[in-house]
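# Architecture at a glance
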Amino acid sequence: MVLFEQVRKVYEDGTVAVDNLDLEIAKGEIAVLIGPSGCGKTTSLKMVNRLEALTSGTITVDGRNINDVDPVKLRRNIGYVVQEVALMPHMSVAENIGTVPRLLGWDHKRISKRVDELLALAKLEPGKYRYRFPEQLSGGQKQRIGVLRALAVDPELILMDEPFGALDPISRENLQNELLDLQKVVKKTIIFVTHDMDEALRMADKVVIMRQGRIEQMGSPDEIQENPKNDFIRGFIGEDRLAQISPDSPVEPLIQEPLLRVKPSVSAAEVLDLMEDEGCETAQVIDSDDRWKGMAMLGLLKRAARKGGAVTNGVRVDRKLFSEDATIRDAAEMLSDQDIPIPVVDEHGSFIGVVSSAGMAKLTISRLTRKGKGGKA
Amino acid sequence: MLVQKPFFELFFSYVMRYWPRILNLTWQHITISSIALAITLAVCIPLGIYLTKNEKLAPYVIGAANVFQTIPSLALLGFLILIFGIGNDNAICALFLYAMLPVLQNTYAGIKSVPQHLVQAARGMGMTEYQILLKVQLPIARPILIAGIRVATVWIIGTATLASAIGGGGLGRLIFSGLASIRNEVVLAGAIPATILALTADQGLKWLQEFYSPKARALRHARKTRSYDQQM
Ligand SMILES: Nc1ncnc2c1ncn2[C@@H]1O[C@H](COP(=O)(O)OP(=O)(O)O)[C@@H](O)[C@H]1O
Ligand SMILES: [Mg+2]
């Protein structure tokens, strides 16, 4: 379905983003490109729909060299989902999903029928969601709509660039499952970019591990896990790290980005709004030097907001972990005591991230699945 | 008290007697302002869009508009006598130069404010550059654009009163002749309609700005959803 032959991309500033990439993706397959930041995943994807031009080599989609197809026509026939979701804020859900059908000149009836069909496919009640605006949706709902928009004209090929990267672990897992379920029905060819190995192993028929613009190893999730080619791959799968984890190991592998970071100068009321949008009950207050100024909590914030105060009047500073000596056991005990994220700081008071029960659950699950060598959950 | 009564009597009798002239001058005022505004929009919106595609030029062009805006308006009218002589053409040209900045700047800033990932996504879905402009960039920039147009409109209506100083028409006629003959009732007969015009235009555009605000739009759509559900 998609064939990369000796594809090379050198940006104008001389950066070699993709270096002699050879890759074949079969029809109906989910190929996951994974690798450290800057290894050329996004660039490889954008060359397929000609958002970036190839420096040399060829890409063939469905037997046709993409350079022989008008880029606008090509793009209308390839679904595209990006991490920022990029729903048009001035369009309703229905208008967003109907974007490409409108570009292709479908009539209104056909478009709205298709929109309802797609919403139902994602188990979003059409009557309820059709006229909503992106700002009235949660992060997970937005990204579901982003995926539906890419499916609107039923393209054979869909490109997804870290589609679930900005979501919290729980929504991410839900969307991964939904996409896998959906894929059983729609059977698209999907090129999926991620930097999360767990996600790659769950989603992929074929995992393509990239490093500095080249393919380091490629294979099914099981093959990759059973025969990691070298230490880079092993490190990337995190096999060693996970195998050695015990309750007394450092808390570091559990640390995640918080759902919400705010500056100390923001008002309590604004943070309440943000929390509502994100659907979370805590936010980390971090100044411009990355110093942690406390964890804003819903109850305290409401009180601070009534007095019209800054977010710093609604924070707790006593509940935290120090990255250098905290263990997974410490985190687990704190979480079983009170199930809200625990901020982690270093010895200088700089913010590192949070540990949450979702992260804890995820670690447990990935350990269990790795042990059983079952790639796909 | 004694002083005020005769003044209002004077004012009303002037208005009663000369209302056709006042209406006529108001109409002239509207015409001059509308033409100046139309030229401003026709030039500055496309120019602002062009600048977002040729960013190196932006500081120079916006800088030039800034210079025109900084020249005192009466002085600008004076300079333009050299080119256009006296009359409405001169006035309209001066009003245009004077009002360029807010429209140009807000068009430019509005389009630049559209997040790049939205433009990329639109391109990735197969919109042509023209469709991206029309369906993504301009609608998202609309509130900022209207804010700029609002400022320009009020400036134009206000400054158009000066047009009569160089032989143009409009309500400035009454204001200037009233000032020259020290007849306050005549000054007011020009100043009040000019003020009403400016305030009305301002409110009208403010309404438009609010009409397109995210909140108002969400409300309209909520209503639409409800009526849809009732049909079901
Ligand atoms: N428009 C650009 N101009 C110059 N260099 C770029 C551009 N886009 C990406 N790069 C560089 O190309 C390399 C690969 O980038 P990218 O494909 O975005 O990586 P990834 O998606 O894997 O993080 C990086 O070194 C990045 O800095
Ligand atoms: Mg990327």
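Residues numbered from 1 in each chain as written. Chains lettered and ligands numbered in written order. Predicted model: local features only at pLDDT ≥ 70, side-chain atom pairs only at ≥ 80, totals over all residues. Heavy atoms only, no water.

Residues and elements named next belong to chain A. Looking at chain A, the domain boundaries give domain 1 (2–241) and domain 2 (252–361). Relative placement of domain 1 and domain 2: their C-alpha centres are 32 Å apart. Counting from both sides, the interface comprises four residues of domain 1 and, opposite them, four residues of domain 2. For the pair domain 1 and domain 2, the summed buried surface comes to about 360 Å²; carbon and sulfur atoms form 67% of the total. In this structure, the connection of domain 1 to domain 2 is made through zero residue pairs in polar contact (both at pLDDT 80 or more). Counted by class, the side of domain 1 that touches domain 2 contains two nonpolar, no polar and two charged residues. (Domains from an automatic or database assignment. Contact = heavy atoms within 4.5 Å. Buried area = accessible area lost by both parts, 1.4 Å probe. Polar contact = N/O pair within 3.5 Å; in protein donor to acceptor, adjacent residues only side chain to side chain. Nonpolar A, V, L, I, M, F, W, Y, C, P; charged D, E, K, R; others polar.)

What follows deals with the sheet that holds strand β16 (residues 342–345) of chain A. All names here are of chain A. In space, the three strands of this open sheet follow the order β15-β16-β17, with mixed pairing throughout. Two strands bound the open sheet, and with one partner strand each, they are β15 (321–322) and β17 (351–355). Relative to β16, β15 runs parallel, the two sharing two bridges. The residue bridging Leu321 from the neighbouring strand is Val344, located in β16. (Pairing = 2+ DSSP bridges. Helix = DSSP H or I, 4+ residues; strand = E, 2+ residues; numbered from the N terminus.)

It is worth spelling out the packing of aromatic side chains at this point. Going through the model one piece at a time under the given rule, you end up with seven aromatic pairs over all chains. Arranged with centres 4.7 Å apart and planes meeting at 40°, the rings of Tyr14(B) and Tyr18(B) form a pair that is tilted. One end of the pair, Tyr14(B), and the other, Tyr18(B), are both in helix α1 (residues 4–53), four residues apart, so they sit about a helical turn from each other. What makes Tyr14(B) buried here is its relative accessible area of 9%. Judged by its relative accessible area of 31%, Tyr18(B) falls in the partly exposed class. Pairing Tyr98(B) with Trp155(B) gives two aromatic rings, centres 5.6 Å apart and planes at 35°, and the pair type is tilted. You can see Tyr98(B) sitting in helix α4 (residues 88–112) and its partner Trp155(B) sitting in helix α6 (residues 129–159), a full 57 residues away along the chain. For Tyr98(B), a relative accessible area of 14% corresponds to the buried category. Three or more aromatic residues joined by ring pairs make a cluster, and in this case those are Trp207(B), Phe211(B) and Tyr212(B). Between Arg211(A) and the ring centre of Phe232(A), over which it is positioned, the NZ or CZ distance is 4.2 Å. (Phe/Tyr/Trp six-rings, centres within 6.5 Å; stacked < 30°, edge-to-face > 60°. Buried < 20%, exposed > 50% of the residue type's maximum accessible area, 1.4 Å probe, protein only. Lys NZ or Arg CZ within 6 Å of the ring centre and 35° of its normal.)

Turning next to the packing of helix α2 (residues 58–70) of chain B against α4(B). The relative placement of two packed helices is expressed as an angle between their axes plus a distance between the axes. Residue and element names in this part refer to chain B. Packing of α2 against α4 leaves a shortest axis separation of 7 Å and a crossing angle of 145°. Seen along the crossing, α2 lies across α4 with a hand that is left-handed. Note on element contacts: α4 touches α2 through Leu97, Tyr98, Met100, Leu101, Leu104, Gln105 and Tyr108, opposite Ala58, Val61, Ile62, Ala65, Asn66, Phe68 and Gln69. Residues belonging to the contact of α2 with α4 are distributed by class as follows: eleven nonpolar, three polar and no charged. (Axes fitted to C-alpha atoms, helices over the stretch in contact; angles between N-to-C directions. Left-handed = near helix turned anticlockwise from the far one by under 90°.)

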